Amino acid sequence: MQVANPGFDPKNIENLKSELQKSGKIFKIIPDEENSEEFVNFYFLGMFEGKEAIYDAALYTLRLHHSSEVYELAEHEAAKKFPNFKGINYEEDENGNMKPLSSEEEEIGWFITEIIMEIEEEETVKVQEFIDIDTHHDYGVGLDAALNVDEITEKVISKFVQEFNDDTLVLDDTMYSFLTEDDES
């Protein structure tokens, strides 16, 4: 019997269970170049609508979530001011050095930087801890979450998975705003 979503396939669930048992962990970090101190993509097992399923989770810090929201807003403002704006593309030359931006890209870059500083100063963007479940994910159940922690460590992931599965996770509904790291010194 073919299972439509491989994250619900009993074989895949058993394989992940076996891997987790061998590792002694309750999650498996997915090798991803985007994983960092502030973002980690991982799998874990949990219940979904009464059935065991694989969760494909992305956990990030509230600071990173805030930065993303601020940048998105700044890009939106840039698109309003510069009708040709489609994003700034940084390219490398054959030696791996950054190629200079065009004068228009340079101007847009400065504009975005100014908007970001303004948004942060005025605390225009505020964020709070959240969990977003995607039931139409291509592998298992998609889960995005942001927590107010300094970094996403294995300890933070374990605690999150345990509390999520035990239904004891309590999210902080306080609204937060952050400054870019350089501004704080």
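Each remark here, short or long, concerns the structure printed above.
Cut-offs used in this document
- Residues numbered from 1 in each chain as written.
- Predicted model: local features only at pLDDT ≥ 70, side-chain atom pairs only at ≥ 80, totals over all residues.
- Heavy atoms only, no water.
- Helix = DSSP H or I, 4+ residues; strand = E, 2+ residues; numbered from the N terminus.
- Contact = heavy atoms within 4.5 Å.
- Core = buried A, V, L, I, M, F, W, Y, C linked by side-chain atoms within 4.5 Å.
- Buried < 20%, exposed > 50% of the residue type's maximum accessible area, 1.4 Å probe, protein only.
- Phe/Tyr/Trp six-rings, centres within 6.5 Å; stacked < 30°, edge-to-face > 60°.
- Salt bridge = Lys/Arg side-chain N within 4 Å of Asp/Glu carboxyl O.

Q: Please explain the environment of Tyr90 as it appears in this structure.
A: As for its position among the elements, Tyr90 is in the loop between α2 (62-81) and α3 (103-122). Not counting residues up to four positions away in its chain, the partners in contact with Tyr90 are Met98 and Leu101.

Q: Can you help me understand the nonpolar core in this one?
A: One broad rule of soluble globular proteins: the nonpolar side chains tend to lie buried together. The biggest cluster of nonpolar side chains holds 20 residues, and the ones touching the most others in it are Ala78, Phe85, Ile108 and Ile112. Breaking this core down by element, the ones donating at least two residues are β3 (51-61), α2 and α3. At six residues, α3 tops the list of elements feeding residues into this core. Setting aside residues no more than four positions away along its own chain, Ala78 makes contact with Phe85, Ile108, Phe111 and Ile112. Within the second largest apolar cluster, 19 residues are counted, among which are Phe48, Val156, Val161 and Phe164.

Q: Can you walk me through the packing of aromatic side chains in this structure?
A: The geometry of an aromatic ring pair is captured by the separation of the ring centres together with the interplanar angle, meaning the angle of the planes. Under the counting rule described, the total for this entry stands at 12 aromatic pairs. Each ring, one from Tyr43 and one from Tyr139, has its centre 5.2 Å from the other, and the planes form 40°; the classification is tilted. On the criterion of sequence distance, the pair formed by Tyr43 in strand β2 (residues 39-48) and Tyr139 in the loop between β4 (130-134) and β5 (141-147) is long-range, its members being 96 residues apart. Tyr43 sits in the buried class, given a relative accessible area of 18%. Centroid distance Phe44 to Tyr55: 4.9 Å. Interplanar angle 5°. Geometry classified as stacked.

Q: Help me understand the pattern of salt bridges in this model?
A: Think of it this way: side chains of opposite charge can pair up when their charged atoms draw near. For the coordinates displayed, the defined rule picks out eight salt bridges. For Lys17, the salt bridge goes to Glu52, with nearest N and O atoms at 2.9 Å. Pair noted here: Lys17 is in helix α1 (residues 10-23) and Glu52 is in strand β3, with a separation of 35 residues, a long-range link. Judged by its relative accessible area of 31%, Lys17 falls in the partly exposed class. Between Glu19 and Lys28 there is a salt bridge whose closest N-O contact spans 3.0 Å. It is possible to trace a salt-bridge network through shared partners that takes in Glu14, Lys17 and Glu52.

Treat this as a map of the structure, not an account of what it does.
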